[in-house]
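Listed below are the residues making up each chain.
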Amino acid sequence: MNPWLLLILPITSAVIIHLGLKRSATASALLSSLCVIATLIVSFSLLGSDASVVALDWINISGLNLEIGLELDQLSKGMMIVVTGIGVLVHVFSLGYMKDDEAKARYFGCLSLFMFSMTGIVLASNFIMMFIFWELVGLSSYLLIGHWYHKDSAADAAKKAFLTNRIGDFGFMIGILMLWGIMGTVVFAEMDGSQFSSLCTCLTGMVVLLIFCGAVGKSAQLPLHVWLPDAMEGPTPVSALIHAATMVAAGVYMMARLFLSLGITPDTAELIGSAPQVIAWIGGITSLFAALMATQQNDIKKILAYSTLSQLGYMVMAVGLVAPEAGMFHLFTHAWFKALLFLGSGAVIYACHHEQDIWKMGGLLKKMPITAITFLIGTMALTAVPFTAGFYSKEGILHAAHHQPLFWVAAFVALLTTFYMFRLFIVAFLGKAREHGSKEASEVSLIMSVPLVILAVMSFAAPHISAIFPVPSSWSLEFDVMPHFDDPVFWTSIGAFLIGAVLAFTIYSGKDKDPLSIPLFRNKFYFDEIYAWIIKIFQDALAAIVHFLDAFLINTLLVGGLTRSATGIGNFFRRYAQSGSLSGYAFLMAVGVLLVIYFTVFASK
Amino acid sequence: MLLALILIPLLAAIGILGGLPARLSAVVASLANILVATYALSCPACSDGFSLQVLADPNINLSLGITGISAIMVILSVIVTLAAVYSGKCPEGREKLWYSSTLFIAAGAIGAFLSTDVFFFYAFHELALIPTFLMIGILGRGDRKQAAWKITIYLAFGSIILLAGLLLATAHTGSFAFSDLKEIPVAAQNTVALLLIIGFGTLVSLFPLHSWAAPAYASAPTPVAMLHAGVMKKFGLYGLLVIGMKVAPQGMLHWLPWICVLLLGNIIWVGLVTINQKRLDLMLGNSSVMHMGYIFLAIAALSANPDNTIAVPAAVLLMFAHGISIALLFSLASVVEQKTGTLEIAQLGGLAKTAPALAFLFGLAGMASIGLPGLANFAGEVMVFFAGFADWTPGESMGWVQITTIIALWGVVISAVYMLRAYRNSFQGPLVKATENASDIHNCEKIPSYILAITLLVVGIYPKIILQFLSN
């Protein structure tokens, strides 16, 4: 099937919904869902085929040729299955979750816009096209986080997400421009990493790190991670699709695409100097900080959001360890089980009448067995229980980090992951219902539970369907179905899991309020407070000072002097001409200008 | 045909003063102008030059012609004119002045872009300024007298310096005709370039000669703000591209560091000033000043290397995009004021609830102005950035233009800050007193917005529609 359909279908749906269908919410929802199902079918039809398409010119002038083309390799085709597959499930789930929302049509219109933008990132054949869609997913994310824009918190979160991403894109754009300066092209297929060999690694490393800035923003890495937890203000299915499975992983995808295009492998990594180490450490530190923050959150979605940050940190770390195949594999498995966890939390929130505090839940295992069991499967996959999808991909990352200091960071994060996920599960699903929301909770309808079941199946099955891995064949991705019992990495991973799980059970089993209180973690290392302070001092105060100087120095002194003297002349003319009307002044001015022209022309002869 | 483009609005304006129905004539004239422009641009044969000798010594001709750049500026002018006559709220009984001035400004702007004679190029611009002053002074809002004086003094100052520069340049080339413009002796280039940069720069609100713009636009009646910020301000940039680079490329290169510093003044300094604005109209006025910096960045790239093939298309596309987007924003701001009675951002809030269509259009225009892909401004901006890096040799240290480009890119963050803040505080959040009973944008008021919004989308998705005029 024609690959362009992947872009045409969702944008058509978004446009039709916006232009006409807004009045009919049900029709909008159906159209949007049918389009995403169609794109899933198209994505499947592309697997295995070697379809290629002719790129279209977007800007083509002498010296600059920017095109819209599709890059169809295993990396993008596999990623398309993830995007459209989870997209379908999230659309279906939304049919139930957003049933009574008053702006359902707008919601589905924005989902279609998101599918369009995300597809563009995945299939982009060059960096400018990727940047275009990169910003457009930012827009769809902004619109969906701000879906309930009349709430201050949602409106602020949407703005914060957009602005934080813009900061990352500032570096991203400089990186793209410099890469263009070096390569003479922005097209992935035309790039040649060997061009780097004649240049100082300080420059090439800088270019890679500047491009990585884009990923820091989009994939919410330290220090630009602050927008993602706030983005949970959006409807929960959106959090599952955009802020867990697909968009936030785009940074990892983009870095993988960069490494693939430049041919960066462990053997050629010296071409980009110490950039990989910087990337790996940013990923490692993000995963550690986020995991620590997650241990003390009470909002079910916030816990999952910090968990997402932490797992994205893992993926970025893998890329930095020049093991992009491990990063992409973890992206792939994580997408399914994290979407499962988010949709599961959505089902819980829905059933508990929009209660999000886990300490007000409890006992949900009995009341919502399907949700609870699928949630447990997701938790097991996230905590890397053997034979789940997360186990294989996390092993890959631990192997890539083996014999390096980051290995211990990664192992400790694995321990923390188990701890905070079991804390969540114990408090919310086990024990007794604590408040009336959870007392009245009952299992959600089929339209919401079927997507959970499918995702739960994928949490086991995903690593066995190698045809849909977003990993190109030139990268060797190897893993065995059976664990290696003589492998220290395996035992480290099991040890981390057991310690985390035992700690969680000992501390939280049967408790009605959090026995631990670590303000530093609960307050997210005070990042938000520090940034608010920085914005106040360095942006708003500076803006006020500059505004004052602008008004005072430039306007009053420099130009005001000019104006005052001219007003004096004006007053003279007014008295002289006694016209009293502005048109009189204008006439005088016109005459004056003409006289000036006349005399100057005359004089110059 | 080209003469008709000037005469239609001119005669309609005179007709309105003579008693023709004002609004109807203005609409008919601007629609007719769009048709004529389309016709003239679609067949090269119909857009033949026109020349009429006005004075033998010195040889001054009313000569008109169309080049790639002026074609794009004419398209910009006719589109914004049509939107402008539909925009704003004309005070009862002042229709004659309101609509005739709007058409006079349009005629002057189109005349300036079509002139191929330095004298008329200058004179048409002055023609357009007089109704601008009148409209601000008589029908403006707020502190209109002060604003009218300020813009008058500033622009008169700029115009005189510009005139000196133009006369000095033409004294060397010995002719007023554009076709005779050529590189003047190097010894004179620095002076000429300086005079042109200050002269044209004042008209474009180049830092630090920018402080007339925001208060003038805030006070100006809506069609004037749209036409001045959207169209007239491009006159100075057009002049630098068409005359400045032609007669004094060495001079432009000489002043390159200054151009770079001043344009960063527009982007960073004025950008920060914009963040601190408390009124929607002043915020938009300042943002328009700020965005001039990006077009100057393309001019800086061209000054550094006149063979930079990306810089001219980049500058012209961004001039076009900025003109459309700022006109749309001013048009919508006036709707906000009509519906809520205020433009103080602190008194607004939640408008998207009561006026969703208005919120959508304002959001689209705001996103265009902060360079969201898919809308025209992004195409222009990204080309400017590429122009900035076109002459970079990897491995060597960066030049003025590259470093300026990198700093200028931070403006992309600044503009997102002020635009999203204003949008969040005016259109999102809970409803407040001024907005709880506000009605949505009326179908009739949507006309100018749709004209401009569709233009932004079409050019953003398919920039070739504009760039094609520059290819030959």
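From a predicted model like this one, the values you see are computed outputs, not experimental measurements.

What counts as what
Residues numbered from 1 in each chain as written. Chains lettered and ligands numbered in written order. Predicted model: local features only at pLDDT ≥ 70, side-chain atom pairs only at ≥ 80, totals over all residues. Helix = DSSP H or I, 4+ residues; strand = E, 2+ residues; numbered from the N terminus. Rg over C-alpha atoms; globule rule 2.2 N^0.38 Å. Buried ≥ 20, exposed ≤ 12 C-beta atoms within 10 Å, placed from the backbone. Contact = placed C-beta atoms within 7 Å. pLDDT = per-residue confidence, 0-100. Expected span 1.5 Å × (residues − 1). Pairing = 2+ DSSP bridges. Axes fitted to C-alpha atoms, helices over the stretch in contact; angles between N-to-C directions. Parallel < 35°, antiparallel > 145°, perpendicular 65-115°, else oblique. Left-handed = near helix turned anticlockwise from the far one by under 90°. Nonpolar A, V, L, I, M, F, W, Y, C, P; charged D, E, K, R; others polar. Core = buried A, V, L, I, M, F, W, Y, C linked by C-beta atoms within 7 Å.

Asks: When you look at the overall build of chain B in this model, what are you seeing that I'm missing?
Replies: When its secondary structure is counted, chain B shows 21 helices and two strands. Radius of gyration (C-alpha) of chain B: 21 Å, near the 23 Å computed for a compact globule of 472 residues. Seen along its three principal axes, the alpha-carbon backbone of chain B occupies a region of about 65 × 60 × 40 Å. Within chain B, the proportion of its 472 residues that are buried is 67%. Here the analysis covers contacts within chain B between residues at least 6 apart in sequence; of these, 81% occur between residues at least 24 apart.

Asks: Hey, could you run me through the overall build of chain A in this one?
Replies: From N to C terminus, chain A includes 23 helices and two strands. Seen along its three principal axes, the alpha-carbon backbone of chain A occupies a region of about 100 × 60 × 50 Å. Here the contacts in chain A between residues at least 6 apart in sequence split such that 82% fall between residues at least 24 apart.

Asks: I tried to follow the confidence of the model for chain B on my own but got confused; where do I start?
Replies: Regions with low pLDDT carry predicted coordinates that are not meant to be interpreted in detail. The predicted model of chain B averages 90 in pLDDT, with 99% of residues at 70 or higher. Interface confidence in the predicted complex, given as ipTM, is 0.94; pTM for the same model is 0.92.

Asks: What am I meant to see in helix H2 (residues 25-46) of chain A here?
Replies: Residues spaced three or four apart along an α-helix face the same direction, because each turn holds 3.6 residues. The terminal C-alpha atoms of H2 of chain A lie 32 Å apart, and with 22 residues this matches the ideal 32 Å at 1.5 Å per residue to within 8%. Directly beyond the C-terminal end of H2 of chain A, a positive phi value near 80 degrees is found at Gly 48 of chain A.

Asks: How should I be thinking about the environment of Gly 217 of chain A in this particular structure?
Replies: Residue and element names in this part refer to chain A. Mapped onto the fold, Gly 217 is located in helix H7 (residues 201-218). Given 26 C-beta atoms within 10 Å, Gly 217 falls into the buried group. When sequence neighbours within four positions are dropped, the list of residues in contact with Gly 217 reads Thr 164, Asn 165, Ile 167, Gly 168, Asp 169 and Leu 224.

Asks: Would you mind going over the pairing of strand S2 (residues 60-64) of chain B with me for this structure?
Replies: Across a regular strand the side chains alternate sides, sitting on one face of the sheet and then on the other. Residue and element names in this part refer to chain B. Counted residue by residue, S2 has five buried out of five residues, so it is predominantly covered. Burial of the side chains of S2 extends over both faces: Ile 60, Leu 62 and Leu 64 are buried on one face and Asn 61 and Ser 63 on the other. Once strand S1 (residues 50-55) ends, the chain turns through four residues before running back antiparallel as S2.

Asks: Help me understand the pairing of strand S2 (residues 64-68) of chain A, please; the structure alone is not making it clear to me.
Replies: All names here are of chain A. Across five bridges, the pairing between strand S1 (residues 56-61) and S2 is antiparallel. Residue Ile 61 lies in a different strand from S2, and its bridge partner there is Leu 64. The hairpin formed by S1 and S2 contains two residues between the paired strands, and Gly 63 there has a positive phi angle of roughly 95 degrees.

Asks: I'm lost on the packing of H7 of chain A against helix H10 (residues 250-262) of chain A in this one. Help?
Replies: Axes are the key here: two packed helices are described by the angle between their axes and the distance separating the axes. All names here are of chain A. Axis separation between H7 and H10 bottoms out at 7 Å; the angle between their running directions is 160 degrees. By the angle between their axes, H7 is roughly antiparallel relative to H10. For the element pair H7 and H10, the recorded crossing hand is left-handed. Contact residues: Ile 211, Phe 212, Gly 214, Ala 215 and Lys 218 in H7; Ala 250, Gly 251, Val 252, Met 254, Met 255 and Leu 258 in H10. Its residues assigned to classes, the contact of H7 with H10 comprises eight nonpolar, two polar and one charged.

Asks: Sorry if this is basic, but what is going on with the nonpolar core here?
Replies: Grouped burial of nonpolar side chains is what soluble globular proteins tend to show. Ranked by size, the top nonpolar core spans 436 residues in total, and within it Ala 339 of chain A together with Ala 298 and Ala 315 of chain B carry the most contacts. A total of 20 residues in this core trace back to one element, the largest contributor, which is helix H14 (residues 311-340) of chain B. Leave out the neighbours within four places in its chain, and Ala 315 of chain B touches Leu 237, Leu 241, Ile 295, Ala 298 and Ile 299 of chain B.

Asks: Whenever I open this one, unusual backbone geometry confuses me. Can you help?
Replies: Outside of glycine, negative phi angles account for most residues, and trans bonds account for most peptide bonds. For the bond running from Leu 222 of chain A to Pro 223 of chain A, omega is 5 degrees, close enough to zero to count as cis. The topology assignment puts Pro 223 of chain A in the loop between H7 and helix H8 (227-230). Pro 208 of chain B follows Phe 207 of chain B through a cis peptide bond whose omega is 0 degrees. The backbone phi angle of Ala 220 of chain A is positive, close to 50 degrees, even though this residue is not glycine. If you trace the backbone, Ala 220 of chain A turns up in the loop between H7 and H8. Exposure remark for Ala 220 of chain A: the 29 C-beta atoms within 10 Å place this residue in the buried category.

Asks: Is there a simple way to explain the interface of chain B and chain A in this structure?
Replies: How big an interface is tends to be stated in terms of the accessible area lost upon association of its parts. In this complex, chain B contributes 57 residues to the contact, which on the side of chain A involves 56 residues. Those elements giving two or more residues to the side of chain B that touches chain A turn out to be helix H5 (118-139), helix H6 (144-173), helix H12 (256-275), helix H15 (351-354), helix H17 (376-389) and helix H18 (400-427) of chain B. Broken down by class, the residue content of the side of chain B that touches chain A amounts to 44 nonpolar, nine polar and four charged.

Asks: I tried to follow the packing of H2 of chain A against helix H3 (residues 74-97) of chain A on my own but got confused; where do I start?
Replies: All names here are of chain A. For the pair H2 and H3, the least separation of the axes is 9 Å and the interaxial angle reads 155 degrees. Looking at the two axes, H2 sits roughly antiparallel to H3. Here the hand of the crossing between H2 and H3 comes out left-handed. Residue-level contacts link Ala 29, Ser 32, Ser 33, Val 36, Ile 37, Thr 39, Leu 40, Ser 43 and Leu 46 of H2 to Lys 77, Met 80, Ile 81, Thr 84, Gly 85, Gly 87, Val 88, His 91, Val 92 and Leu 95 of H3.

Asks: Would you explain the confidence of the model for chain A in this entry?
Replies: Residue and element names in this part refer to chain A. Per-residue pLDDT for chain A has a mean of 87; in total, 91% of the residues score no lower than 70. Summarising per-element confidence for chain A, the mean pLDDT is lowest in helix H23 (residues 582-604) (51) and highest in helix H5 (residues 127-145) (95). Counting contacts from residues 600-605, a segment whose pLDDT is below 50, to residues more than four positions away or on other chains yields seven contacts.

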